[in-house]
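If you want the building blocks of each chain, they are given just below.
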Amino acid sequence: MKIVKRILVFLLIVLIIMQFFGPDKNEGDIASIDAFIADTNPPQSVHETLKNACFDCHSDFTRYPWYNNITPVNYWIDGHIDHGKGHFDVSKWDSYSTKKKDHKLEELIEMVEDKTMPLNSYTWTHGDARLTDAQIKDMVEWAKGVRIKYSLEPKPE
């Protein structure tokens, strides 16, 4: 029993020390999404949905919950953000080609319709990120409209 107690004390000390370290936060400027908003021109309802359900993990601006200050939770959240931005980063929208923008919106439509985005682990703690059928319909219609706009743009030669 002494060995178990020593192991638990050691783990507690390690956990306390870990609290002084953590990943860098994704606290860029909210203006980083301006190019995406200007280019895709979402209606106000879709803009609010994007803000509440997408931008935390898919832009350079994240609104962190209080529990992000707890290690190892902050590493788990950071991993989700890195993964999300790796797939779709609205802060880099200007650097995407028209073809890539179109593809990203195609993926957005698919994942929102399949209800695989936003992630369940995100909506558990962000109730306003749970998409209603009306929000899904609005997002899909908006994204399809933007894709039509991209299909009409002249192709680079």
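Residues numbered from 1 in each chain as written. Predicted model: local features only at pLDDT ≥ 70, side-chain atom pairs only at ≥ 80, totals over all residues. Heavy atoms only, no water.

J.: Got a minute to help me understand a negative patch on the surface in this structure?
T.: On the surface, Glu-106, Glu-110, Glu-113 and Asp-114 cluster together into a negatively charged patch. Residue placement: Glu-113 occurs in helix H6 (residues 98–113). (Patch = residues over 30% accessible without salt bridge, like charges linked within 9 Å, V, L, I, M, F, W, Y side chains within 5 Å. Areas by Shrake-Rupley, 256 points an atom, 1.4 Å probe, with all protein chains shown as cover. Salt bridge = Lys/Arg side-chain N within 4 Å of Asp/Glu carboxyl O. Lys, Arg positive; Asp, Glu negative; His and termini not counted. Charge placed at Lys NZ, Arg CZ, Asp CG, Glu CD. Helix = DSSP H or I, 4+ residues; strand = E, 2+ residues; numbered from the N terminus.)

J.: Could you clarify how one ought to interpret the side chain of Ser-91 in this entry?
T.: With respect to the helices and strands, the residue Ser-91 is situated in the loop between helix H5 (73–87) and H6. A polar contact is formed between the side chain of Ser-91 and the backbone nitrogen of Asp-60, at a distance of 2.7 Å. (Polar contact = N/O pair within 3.5 Å; in protein donor to acceptor, adjacent residues only side chain to side chain.)

J.: Would you mind going over the pattern of salt bridges with me for this structure?
T.: Pairing between side chains becomes possible if they bear opposite charge and their charged atoms approach one another. Considering all chains together, one arrives at eight salt bridges under this definition. When salt bridges that share partners are traced, they join Asp-39, Lys-101 and Lys-149 into one network.

J.: Honestly, the nonpolar core in this entry has me stumped. Any pointers?
T.: Where a protein is soluble and globular, its nonpolar side chains tend to be buried together. Membership of the largest hydrophobic core comes to 26 residues, with the highest contact counts inside it found for Phe-36, Leu-50, Phe-55, Met-139 and Trp-142. Elements supplying a minimum of two residues to this core: helix H2 (34–40), helix H3 (44–53), H6 and helix H8 (133–152). Apart from residues lying up to four places away in sequence, Met-139 is in contact with Val-46, Thr-49, Leu-50, Cys-54, Leu-108, Val-112 and Leu-131. (Core = buried A, V, L, I, M, F, W, Y, C linked by side-chain atoms within 4.5 Å. Buried < 20%, exposed > 50% of the residue type's maximum accessible area, 1.4 Å probe, protein only. Contact = heavy atoms within 4.5 Å.)

J.: What is the right way to read the environment of Asn-41 from this model?
T.: You can see Asn-41 is positioned in the loop between H2 and H3. A relative accessible area of 61% places Asn-41 in the exposed class. Residues Asn-41 and Trp-142, 101 residues apart in the sequence, show an inter-C-alpha distance of 8.7 Å. Apart from the residues within four sequence positions on either side, Asn-41 is in contact with Phe-36 and Trp-142.

J.: Before we go on, may I ask you to explain the confidence of the model for the protein in this structure?
T.: In low-pLDDT segments, the atomic positions of the prediction should not be examined closely. Averaged over every residue, the pLDDT of the protein is 84; the share at 70 or more is 94%. Per-element confidence in the protein is highest for H6, whose mean pLDDT is 92, and lowest for helix H7 (residues 120–123), whose mean pLDDT is 80. (pLDDT = per-residue confidence, 0-100.)

J.: What is the right way to read the packing of H3 against H8 from this model?
T.: The angle between the axes and the distance between the axes are what describe a pair of packed helices. For the pair H3 and H8, interaxial distance at closest approach is 10 Å and the crossing angle is 105°. It follows from the interaxial angle that H3 and H8 lie roughly perpendicular. Contacts between H3 and H8 involve Ser-45, Val-46, Thr-49 and Leu-50 on the former and, on the latter, Gln-135, Asp-138, Met-139 and Trp-142. Along the lines of polarity and charge, the residues of the contact of H3 with H8 split into four nonpolar, three polar and one charged. (Axes fitted to C-alpha atoms, helices over the stretch in contact; angles between N-to-C directions. Parallel < 35°, antiparallel > 145°, perpendicular 65-115°, else oblique. Nonpolar A, V, L, I, M, F, W, Y, C, P; charged D, E, K, R; others polar.)

J.: In this structure, what is going on with unusual backbone geometry? I would like to understand it.
T.: Leaving glycine aside, a negative phi is the common case for residues, and trans is the common case for peptide bonds. With an omega of 20°, the peptide bond between Thr-71 and Pro-72 qualifies as cis. When you line up the elements, Pro-72 lands in the loop between helix H4 (55–58) and H5. Residue Pro-118 is reached from Met-117 by a cis peptide bond, and omega for that bond is -10°. Mapped onto the fold, Pro-118 is located in the loop between H6 and H7. Unlike most non-glycine residues, Asn-41 shows phi in positive territory, near 45°. Backbone geometry at Lys-115 places phi at a positive 60°, although glycine is not the residue there.

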